[in-house]
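# Structure at a glance
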Amino acid sequence: MRRKAYAYITHKNRLLIFTQDPRRNAGTQVPGGTIEEGEDPDVGVMREAEEETGLKCLTRVALVGEKTWRGADGVDVAARFYHLTCDDPTPPECWDHWEITPSDGSSPVLFHLRWTPLNDVPNLAGDQGCMLATMHR
């Protein structure tokens with residue numbers, strides 16, 4: 001089973017989302033990724049969030065929920081979704097950041113990050129938005 005952790009990073013009433021190079025056809029996403037062997041998911045989500053955003057001023061608020069599904073490659077995926085906050089009083093509105101160590105071993109990936117209003121989040125790739133409504137409860 002592959003373990004994943006996703007971060008719903010908020011600042012005020014906004015959610016952090018990103019896109020990649022359109023040639024990767026990865027859609028709009030939230031930060032997250034594969035939990036390393038032996039890594040605590042609570043720690044892994046913070047590592048993934050920092051690797052994919054460059055933000056160091058993050059606080060883990062809560063585990064929002066869990067979901068399991070069968071991946072396109074036939075491997076089961078167990079994902080945990082977390083609410084994190086950005087504690088920077090004035091984070092950039094949008095920025096680019098390179099993820100240097102993608103979990104699939106590929107070359108570095110450029111992320112185009114931006115904040116979007118929580119009441120206007122676009123459809124997220126791979127059902128990554130499945131726990132957003134739970135976060136608001």
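Residues numbered from 1 in each chain as written. Predicted model: local features only at pLDDT ≥ 70, side-chain atom pairs only at ≥ 80, totals over all residues. Heavy atoms only, no water.

### Re the overall build of the protein chain
- Along its length, the protein chain carries two helices and seven strands.
- Ordering the α and β elements of the protein chain from the N terminus gives β-β-β-α-β-β-β-β-α.
- Over its C-alpha trace the protein chain gives a radius of gyration of 14 Å, about what one expects of a compact globule, namely 14 Å for 137 residues.
- Classification of the 137 residues of the protein chain by burial places 41% in the buried group.
- A separation of at least 24 residues holds for 63% of the contacts in the protein chain among residues at least 6 apart in sequence. (Helix = DSSP H or I, 4+ residues; strand = E, 2+ residues; numbered from the N terminus. Rg over C-alpha atoms; globule rule 2.2 N^0.38 Å. Buried < 20%, exposed > 50% of the residue type's maximum accessible area, 1.4 Å probe, protein only. Contact = heavy atoms within 4.5 Å.)

### Observations concerning the environment of A79
- Among the secondary structure elements, A79 is positioned in strand β5 (residues 76-86).
- Distance in space between the C-alpha atoms of A79 and M135 is 15 Å, their sequence separation being 56 residues.
- Apart from residues no more than four positions distant in its own chain, A79 is found in contact with K4, Y6, G65, E66, K67 and W69.

### Section: the pattern of salt bridges
- Summed over the entire model, instances satisfying the criterion amount to 11 salt bridges.
- The salt bridge partner of R2 is D73, with a shortest N-O separation of 2.6 Å. Residue R2 is located in strand β1 (residues 2-11), and its partner D73 is located in the loop between β4 (58-70) and β5; the two are separated by 71 residues in the primary sequence.
- The partner of K67 in a salt bridge is D127, with the nearest N and O atoms 2.2 Å apart. Taken together, the residues span a long stretch of sequence, with K67 in strand β4 and D127 in the loop between β7 (109-117) and α2 (132-135) at a distance of 60 residues.
- When its relative accessible area of 28% is taken as the criterion, K67 is described as partly exposed.
- Judged by relative accessible area, which is 39%, D127 ranks as partly exposed. (Salt bridge = Lys/Arg side-chain N within 4 Å of Asp/Glu carboxyl O.)

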